[in-house]
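Residue-level structural notes
Okay, here's what each chain looks like letter by letter:
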Amino acid sequence: MEKADKLYIVSPAPHVRKEHSIQTMMLDTILALLPAGVVSVIIFGVYSLGIIFTSVTFAVLSEIFVNLLRRQKFTVSDLSCIVTGLLFAYTLPPRLPLVIVIIGIFVAIVFGKHIYGGLGYNPFNPALIGRAFVHIAFPQQMGNFTFDAVSTATPLTILKHFPEQVHLIPDVSKLILGNYSGSLGETSVVCLLIGYFYLVLKKHINPFVPWVYITTVGLITILHDASHLWIYLLSGGLFLGGIFMITDPVTTPVSYKGKIIFAVGCGLLTSLIRYWGSYPEGVCFSILLMNMLTPLIDEYTIRKKFGYKK
Amino acid sequence: MTRFSGGIHPKEKKIAKLYRIQNIQYPQYVYLHLSQHTGKPAVPIVKEKDYVLRGQKVAQSDGLISACIHSPVSGQVVGIKDVLHPVICKKLPAVVIESDGKFTTIELKPKYKEYHRFSPQELVGYIKECGIVGLGGAMFPTDVKLSPPKDKVIDYVIANGCECEPYLTSDDRLMQEYYDEIIEGLKIAMYILDALKGIVVVEDNKPDAIEKIKRKIERTPNVELRIVKTKYPQGAEKQLIQTVLNREVPSGGLPMDVGVVVQNVATLKAIYDAIFKGLPLIERVVTISGDIERLGNFVVPIGMMVKDVVKVLNINISDVNKIIFGGPMMGIAQESLEVPIIKGTSGILFLRTVSNKEYEYYQCVRCGKCVYVCPMKLMPNFLSIYIEHQKWGKVEKYSPFDCIECGCCSYICIAKRPIVAQIKYAKTILTTLVKK
């Protein structure tokens, strides 16, 4: 027998793959986040563009810094740091000093993600780790919300601490469009919903999970203070957190059942912090707390396998 | 009709479906592997310099789960040599026969033609003698499937014409051109198993085959046609039974545990050939496809080397860098052209892949896509992670042995993780651990 002149590539099956990747998923998330960013610049002025730009730039720089430190391949190309940068910026008040933004995003990328081993291994949502850090480290600056060049309390703060000023809260149409005092990316429900539909269309998120979360909060709100239901639902970070954070694949349970449990848990904790805790807003901490339970939820929501009785 | 959970929709790429089944010029040498079936390898009963006829048995089945092997050519036995095996991927003994070009066939005695006059045992014995195995790819000896234990009552025989793998069209062509034989084969199987009903299942992407089968079974009692939605892996036995009959084969069990026997349409044609013509399994229809110009569906003798196929069909393979036996989802990549076709080879794909970069993978981001597509409802993501970290206790908890290795998880993975390959690896590791 003569020798074979050519050897061929061997690899395990399957030999065809769907043409998508982590990059495409992250890119879609970035696209879904863009409308809210654009509107934030319109509502809060050019300075918010500075915050977003700083956050994203230093997210990339922090990522490169860790890559160099760990002598690993550069991971910027997976685009996850840009998503974190955007999400982090969206949770900040519109006139936050840029130094705090830089500190926050550094903490988010390094201590929120890379300290656990990088993308896929982080138990907590990195953007929220950064946000929680600056929230605790710089409470004064983080509590200073500016709107139309005047320091204005957010609707939730008014409801919690200054109930006598309730008449200052804008009406529902403004709450939906986003033209009121709040964090950068959280105010415009319309833009966030555009992002939601895009992500659902691209099948990156479960369409029901955000609504389970929002409904849970809504039900408890009816028990707590039904007269201001719409203000509670439409202002604050419910939609930003519900659409982009509790649907984050890495830090939430894998199964449908697990995701629903996670969303309900987040809703309960959010309401608990909002209505009975000392902070006016509880989205950030509720999601971080539920992130801790994700492995446990995963453990208890293993579905019935094919061919098994129960 | 229910649907199985999970599954994917890969690009069908059934580019060879318009090519009629053609005969191929036989090669000078055939290489008959002794292990062309699930179970014990066959034992050769010929020796060097023996003269064999076309259709003559060259290796005898060994034990209960094994199959006989016959020569597709007449000529002289060159010897028993080590040849690359397309599934096991290492060199294994094969009977090499040099053809004399005359194709002198053994005397065919189709004495079972009127099969109703014979007992099922006799027919099964003859099917075993003809070396028929499952031609869909699993190569499980057909006689074993056709002789369930006494306590198992079989009420349905399913003819599997789904052919859900991309590229492959051999079953599609068979159903269009040999529908008579397939339905007769199904009736033989129903007679042997004393089954009430036969069901032909075809995916809705094969309208021509559906039309032919529909017209054929109009006059056939107890046989019905079911058209199912095209979805991979619709052709997997367990998923097929779930879709058609809404019965769930228990873990570790066989279709006969829920009163069903599934046979591929190509296998049914082989049964027909054995019973009506007395012909043993010496050739099969193979789809030749991929990134080449010479496409088609050919009747290829078992034991023909790929290099002979390339030479005879004059396939231009200068750009080809990957050769796959079977479909792209479950098929096996071959390292060289010197691999013979075995009974389970349903197609040979000549592909051009872009680069080796496609085999780089990233860490799991827990997107859960693999969980949603797994037709066995396993958790491929956790399996993949725990196998990577060699946590075998955890791996066992997620039941890797229930995996049917369809490859949906690897296909859908956005981090490009080789999940199904990892699970196959885990299966071998866990089996050796248990043995120790």
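Turning our attention to the overall build of chain B. A tally of regular secondary structure across chain B gives 13 helices and 17 strands. Taking 22 Å as the expected radius of gyration for a compact globule of 436 residues, we find that chain B reaches 21 Å, a close match to that expectation. Taken over the C-alpha atoms alone, chain B extends approximately 65 × 50 × 50 Å along its principal axes. Counting across all 436 residues of chain B, residues that qualify as buried make up 55%. Contacts spanning at least 24 positions in sequence make up 72% of the contacts within chain B whose residues lie at least 6 apart.

Now for unusual backbone geometry. Following Ala13 of chain A, the chain continues to Pro14 of chain A via a peptide bond in cis, the omega torsion being -5°. Within the element layout of this structure, Pro14 of chain A appears in the segment before helix H1 (22-44). Positive phi, close to 45°, is recorded for Glu163 of chain B, a residue that is not glycine. Turning to its location among the elements, Glu163 of chain B is positioned in the loop between strand S9 (156-161) and helix H3 (170-177). Take Glu163 of chain B: there are 33 C-beta atoms within 10 Å of it, and that puts it in the buried class. Of note in the backbone geometry, Asn314 of chain B takes a positive phi value of approximately 55° without being a glycine.

Time to look at the sheet that holds strand S10 (residues 197-203) of chain B. Residues and elements named next belong to chain B. Within the open sheet, the four strands sit side by side as S11-S10-S9-S12. Their pairing is parallel. Both edges of this open sheet fall to strand S11 (223-228) and strand S12 (260-264), since each of them pairs with a single strand only. Taken pair by pair, the neighbouring strands of this sheet meet at an average axis angle of 25°, ignoring direction. Where S10 and S11 come together, six bridges link them in parallel fashion. Bridging from a neighbouring strand, Glu203 pairs with Val228 of S11. Most of the contacts of helix H5 (residues 207-217) go to S11, to which it runs at about 160°, and overall it touches S9, S10 and S11. Contacts from helix H7 (residues 265-277) reach S9 and S12 within the one sheet, and its direction differs from that of S12 by about 85°.

Another point: the nonpolar core. The biggest cluster of nonpolar side chains holds 226 residues, and the ones touching the most others in it are Ile158, Ile182, Leu186, Ala189, Val201, Ile271 and Leu383 of chain B. For Ala189 of chain B, the residues in contact, after removing those within four places along its chain, are Leu146, Val157, Val261, Gln263, Leu268 and Ile271 of chain B.

Here the focus is the sheet that holds strand S4 (residues 51-52) of chain B. All names here are of chain B. The four strands lie next to each other as S2-S8-S7-S4, forming an open sheet whose pairing is antiparallel. Each of the sheet's edge strands pairs with one partner strand only, and the pair in question is strand S2 (29-33) and S4. The pairing of S2 with strand S8 (residues 91-99) spans five bridges and is antiparallel. Bridge pairing in S8 links Tyr31 to Val96.

Reading the values: the criteria
Residues numbered from 1 in each chain as written. Chains lettered and ligands numbered in written order. Predicted model: local features only at pLDDT ≥ 70, side-chain atom pairs only at ≥ 80, totals over all residues. Helix = DSSP H or I, 4+ residues; strand = E, 2+ residues; numbered from the N terminus. Rg over C-alpha atoms; globule rule 2.2 N^0.38 Å. Buried ≥ 20, exposed ≤ 12 C-beta atoms within 10 Å, placed from the backbone. Contact = placed C-beta atoms within 7 Å. Pairing = 2+ DSSP bridges. Axes fitted to C-alpha atoms, helices over the stretch in contact; angles between N-to-C directions. Core = buried A, V, L, I, M, F, W, Y, C linked by C-beta atoms within 7 Å.

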